[in-house]
Amino acid sequence: MRLADIIRFGFRASTGYTARTFLMLLAMAIGVGSVVVLSSLGESAREYVVNQFSSLGTNLLIVLPGRSETVGGPPPLLGVTPRDLTLTDAEALQRSANIRYVAPISLGAAPVSYGAREREVTILGSTAQLFFVRQLTMGQGRFLPEGDITKGSPVCVLGYNMQKELFGTVSPLGETLRIGDYRFRVIGVLAKKGESVGLDMGDVVIIPVASAQALFNTSTLFRIMVEAVDRDAIFRAKKTILSIIRDRHDGEDDVTVITQDAVLATFDKIFTAMTLTVTGIGAISISVAGILIMNVMLIAVSQRRSEVGLLKAIGAPEGNIITLFLVEAVLLSLVGAVLGLLVGTCGVWVIGLIFPNFPITMPLWSLLAAVAVALVTGLVFGVLPAMRAARLDPVISLSRR
Amino acid sequence: MIDLQNITRMFTVGDERVYGLKEVDLTIGNGEYIAVMGPSGSGKSTLLNIIGLLDKPDSGIYQLEGEVTTGLADSKQAELRCHKIGFIFQFFHLVPRMTAMENIELPLMLAGVEPKVRKQKVQKAIETFGLAGRARHRPDQLSGGQRQRVAIARATIMEPHILLADEPTGNLDRASGNEVIEILEELNSRNITLIMVTHDPELGNRAKRQIHMIDGIIGSDHTSSPATAYAAR
Ligand SMILES: Nc1ncnc2c1ncn2[C@@H]1O[C@H](COP(=O)(O)OP(=O)(O)O)[C@@H](O)[C@H]1O
Ligand SMILES: [Mg+2]
């Protein structure tokens, strides 16, 4: 038989029984449509989170005091308290060729007052390089000046919201704030930036790290943020950091280095798994559609017994009959899948209308996967009915009207 | 040439064994016109189904045009049915969703014949069997006689050597029945072997050879004009 004839035969047979065809198309369309919508939601959520993390800065490494992962071997009997991270540690890191920027961070809260207004505010002590590491942008004025990071200076940079709350519409540049017992001159205000994961830079006051240590009366750092020279250098930078700190801390590995890549990869993995899970749930509904297809095809075979008997009588071998019924099932699945893609696309579009801030996109792989699954489903669940048709005894099939 | 030797076909109904055919020997030459008669349940349809390769005997040897068919693979048997045998049934067995034309075209389509050639052949058959105005009608829009003519056109479109008709007039009124018989006889006159099951003795007597069956056995095999019937042997 010719392919065109086989397809036309299946098509005509499908349109000849509208009720059952409608049912099968509906089931398949719902299955494929849900795969498209669910995978789009999952994929978009993943992209959203990954983008949020990327906005923290690129090629980022974070050095934390204390070892969070056990490298093996029993813990030391005498408790070794991890050494603190200090400003000199941060200075030492600066010398590595793999590292572009180093921003030591000291974090705390202190009362900030301007005139009669006073607020308890997060104080971020850092250096000029934080500007590059966190990819900040200035709204007014300038950021912390370069210079010896171990020396404090009485200047500060305000987050966008802080400026609003303390100064309102008045320009804060050149004004003097009181933070704890110290006075700081405002030299800049950060630009308004969308929310990002982690610390909200809108609600902080940034001062030089040495001043912050004096303010909080400590010599330790909260963490050190490091930017590698490029993506390839991240791993080398991590090794360098560990070995520099080890040398400075009497051979103890007492810091943890988190690479942003690793964090991102973890989130990426979590969300990919989530997307696959919801897509899998959608795929289950496709196989439910497959079972429906099988049942409806079985009914079709018994309804068309005499047709099968006749086909045999006029010379169709069993293989031909299998092909005809299989193609019919696959055609129905495919048409259902195409309808499902349309339904899914509409669904995604509607979700986009309802949640305009959530960037929803349809991943191409999910479209292809949905169609492929539909096709395979049609084939798999079409086999049994087709075999049953081929096995029908033509004499018995023809002896009934 | 059809040659049945010692053919037995048995059915099991419950615990009981029923013989459809019992050790039947039968030889039919090319171009013969045979009426198969006998009471209901005597094995007439079983005989036709075995000759037409729709059914397999439990024992015995069946040679079709010199080829032993017993034990042939399904695909090979299908090929023989397609090219050498045409079936005509009491209940027509037209595909209800297809037009008269499409029903006639079906064997050509299954055989993979080129669409252009198909169209020509179908067109010719439609004219030959007087279906010109009805080609695009579906079976339920056709009269009984017209349906049987469509079925005959379908059975002959592959130009088979053998026509097997199982009570072809059983579901028709007298006038359209006669019309159908005349068409079949006309086909037989062009050297197509015609084997027809009928209950009607009058129709049976028109055939040159009459086979009477009883309980799966050929009770009598009568040739009215030996000169023609054996000429082909
Ligand atoms: N599929 C079958 N199963 C059981 N018995 C059958 C079957 N087909 C035919 N028979 C039996 O075989 C015998 C011959 O049947 P059949 O050839 O149809 O007779 P006829 O066509 O002469 O009326 C009958 O007794 C019938 O009951
Ligand atoms: Mg019968």
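Just so you know, these numbers come straight off a predicted model, no measurement behind them.

Colleague: Looking at this structure, how should I read the overall build of chain A?
Modeller: For chain A, the count of helices and strands is twelve helices and ten strands. For 401 residues, the compact-globule estimate of 2.2 N^0.38 gives 21 Å, and chain A exceeds it by more than 25% at 34 Å. Projected onto its principal axes, the C-alpha positions of chain A cover 105 × 55 × 35 Å. Counting the 401 residues in chain A, one finds 46% classified as buried. Excluding contacts between residues fewer than 6 apart, the proportion of contacts in chain A whose partners are at least 24 apart in sequence is 80%. Of the roughly 19,300 Å² that chain A leaves accessible, carbon and sulfur atoms contribute 62%. Between the centroid of the 35 positive side chains of chain A and the centroid of its 31 negative side chains there is a distance of 11 Å.

Colleague: What should I look at first to understand the sheet that holds strand E10 (residues 217–223) of chain B in this one?
Modeller: Residues and elements named next belong to chain B. Across the sheet, six strands lie side by side as E6-E7-E8-E3-E9-E10; this open sheet has mixed pairing. The open sheet terminates on both sides in strands that have one partner only, identified here as strand E6 (85–88) and E10. Between one strand axis and the next, the sheet turns through 15 degrees on average, direction left out of account. When strand E7 (residues 162–166) meets strand E8 (residues 193–197), the two strands line up parallel, connected through five bridges. Note on E8: the bridge partner recorded for Ile162 is Thr193. Helix-sheet contacts for helix H1 (residues 44–51) involve strand E3 (33–37), E6, E7, E8 and strand E9 (209–214), and the interaxial angle to E7 is about 155 degrees.

Colleague: In this structure, what is going on with a nonpolar patch on the surface? I would like to understand it.
Modeller: Residues Trp349, Val350, Leu353, Ile354 and Phe355 of chain A make up a contiguous nonpolar surface patch of about 570 Å² in total accessible area. Assessed through its relative accessible area of 55%, Ile354 of chain A is described here as exposed.

Colleague: What is the right way to look at the site of ligand 1 in this model?
Modeller: All names here are of chain B. Lining the immediate surroundings of ligand 1 are Phe11, Val13, Val18, Gly20, Pro39, Ser40, Gly41, Ser42, Gly43, Lys44, Ser45 and Thr46. One of the backbone N or O atoms of Gly41 is found 2.7 Å from an oxygen atom in ligand 1. Within the backbone of Ser42, an N or O atom sits 3.2 Å from an oxygen atom of ligand 1. In isolation ligand 1 offers 560 Å² of accessible surface; the protein chains occlude 67% of this area. With three residues, the single largest contributor to the shell around ligand 1 is H1. Residues belonging to the shell around ligand 1 are distributed by class as follows: four nonpolar, seven polar and one charged.

Colleague: I keep staring at the interface of chain B and chain A and nothing clicks. Help me out?
Modeller: By a widely used convention, the size of an interface equals the accessible area lost when the partners come together. The partner chain A presents 26 residues to the 26 residues of chain B that form the contact. Summed over both partners, the interface of chain B with chain A comes to about 2,400 Å²; 62% of that surface belongs to carbon and sulfur atoms. Contact with chain A buries surface across chain B, with His93, Arg97 and Leu110 of chain B losing the most and accounting together for 31% of the total. On inspection of chain B and its partner chain A, the count reaches three salt bridges. A salt bridge links Asp5 of chain A to Arg118 of chain B, with the nearest nitrogen and oxygen atoms 2.6 Å apart. Viewed at the interface, chain A and chain B are joined by nine residue pairs in polar contact (both at pLDDT 80 or more). Every element with two or more residues in the side of chain B that touches chain A is listed here: helix H2 (74–84), helix H3 (100–110) and helix H4 (115–128) of chain B. Residues belonging to the side of chain B that touches chain A are distributed by class as follows: 14 nonpolar, four polar and eight charged.

Colleague: I would appreciate a short explanation of the domain arrangement of chain A in the present structure.
Modeller: Assigned domains within chain A: domain 1 (3–52 + 265–398) and domain 2 (82–253). Centre-to-centre, using C-alpha coordinates, domain 1 of chain A lies 57 Å away from domain 2 of chain A.

Colleague: I would appreciate a short explanation of the packing of aromatic side chains in the present structure.
Modeller: For any two aromatic rings, the description comes down to two numbers: the centre-to-centre distance and the angle of the planes. Following the criterion strictly, the structure yields five aromatic pairs over all chains and no others. Ring geometry for Phe131 of chain A against Phe143 of chain A: centres 5.3 Å apart, planes inclined by 40 degrees, an arrangement best described as tilted. Taken as a pair, Phe131 of chain A in helix H4 (residues 130–133) and Phe143 of chain A in the loop between strand E4 (138–141) and strand E5 (155–158) lie far apart in primary sequence, twelve residues in all. A relative accessible area of 8% places Phe143 of chain A in the buried class. Following the ring pairs from residue to residue traces out a cluster consisting of Tyr101, Phe131, Phe132 and Phe143 of chain A. Over the ring of Tyr19 of chain B we find Lys22 of chain B, and its NZ or CZ is 4.8 Å from the ring centre. In this structure, Arg97 of chain B packs its charged tip against the face of Phe9 of chain A, placed 5.2 Å from the ring centre.

Colleague: Explain the pattern of salt bridges to me, please; I cannot follow it from the model alone.
Modeller: A pair can form between side chains of opposite charge whenever their charged atoms are brought close. One pass over the full model with this rule turns up 24 salt bridges over all chains. Linking Glu307 of chain A and Arg304 of chain A is a salt bridge whose minimum nitrogen-to-oxygen distance equals 3.3 Å. Residue classification places Glu307 of chain A among the buried residues on the basis of a relative accessible area of 6%. Salt bridges linked by common partners bring Asp5 and Arg8 of chain A together with Glu105, Arg118 and Lys119 of chain B together as one network.

Colleague: Mind showing me how you'd approach helix H6 (residues 209–216) of chain A here?
Modeller: What sets the pattern is the α-helix's 3.6 residues per turn: residues three or four places apart point alike. Residue and element names in this part refer to chain A. Buried residues dominate H6, accounting for six of its eight residues. Turning to H6, its buried residues number three or more, namely Val209, Ala210, Ser211, Ala212, Gln213 and Leu215. In this structure, the buried side of H6 is in contact with helix H3 (87–93), strand E2 (99–114), strand E3 (117–126), strand E6 (176–179), strand E7 (182–190) and strand E8 (204–208). The positive-phi residue at the C-terminal boundary of H6 is Asn217, with phi of around 55 degrees.

Colleague: Explain the UniProt feature "transmembrane region" (unreviewed entry) in chain A here, please?
Modeller: Within this structure's numbering, the places UniProt gives as "transmembrane region" (unreviewed entry) are residues 21–42, 276–301, 322–352 and 364–384 of chain A. Between the C-alpha atoms that bound residues 21–42 of chain A there is a distance of 32 Å. The span itself is 100% helix and 0% strand.

Colleague: How should the side chain of Arg20 of chain A be read in this particular structure?
Modeller: Residues and elements named next belong to chain A. Along the chain, the position of Arg20 falls in helix H2 (residues 18–54). Here Arg20 falls in the buried class, since its relative accessible area comes to 10%. If we skip the residues at most four places from it in the chain, Arg20 touches Ala13, Ser14, Val296, Met297, Ala300, Arg304, Glu328 and Leu332.

Colleague: It is not clear to me how unusual backbone geometry should be interpreted in this structure. Could you clarify?
Modeller: Trans is the common state for peptide bonds, and a negative phi is the common state for residues other than glycine. All names here are of chain B. In this structure, His93 takes a positive phi of about 55 degrees despite not being glycine. Mapped onto the elements, His93 comes out in the loop between E6 and H3. The residue Asn191 is not glycine, and still its phi comes out positive at about 70 degrees. On the secondary structure map, Asn191 appears in the loop between helix H6 (174–189) and E8. Among the residues examined, Asn191 registers a relative accessible area of 53% and is labelled exposed.

Parameters and conventions
Residues numbered from 1 in each chain as written. Chains lettered and ligands numbered in written order. Predicted model: local features only at pLDDT ≥ 70, side-chain atom pairs only at ≥ 80, totals over all residues. Heavy atoms only, no water. Helix = DSSP H or I, 4+ residues; strand = E, 2+ residues; numbered from the N terminus. Rg over C-alpha atoms; globule rule 2.2 N^0.38 Å. Buried < 20%, exposed > 50% of the residue type's maximum accessible area, 1.4 Å probe, protein only. Contact = heavy atoms within 4.5 Å. Areas by Shrake-Rupley, 256 points an atom, 1.4 Å probe, with all protein chains shown as cover. Lys, Arg positive; Asp, Glu negative; His and termini not counted. Charge placed at Lys NZ, Arg CZ, Asp CG, Glu CD. Pairing = 2+ DSSP bridges. Axes fitted to C-alpha atoms, helices over the stretch in contact; angles between N-to-C directions. Patch = residues over 30% accessible without salt bridge, like charges linked within 9 Å, V, L, I, M, F, W, Y side chains within 5 Å. Salt bridge = Lys/Arg side-chain N within 4 Å of Asp/Glu carboxyl O. Near = heavy atom within 4 Å. Polar contact = N/O pair within 3.5 Å; in protein donor to acceptor, adjacent residues only side chain to side chain. Nonpolar A, V, L, I, M, F, W, Y, C, P; charged D, E, K, R; others polar. Buried area = accessible area lost by both parts, 1.4 Å probe. Domains from an automatic or database assignment. Phe/Tyr/Trp six-rings, centres within 6.5 Å; stacked < 30°, edge-to-face > 60°. Lys NZ or Arg CZ within 6 Å of the ring centre and 35° of its normal. UniProt positions renumbered as here; feature names shortened; annotations may be inferred.

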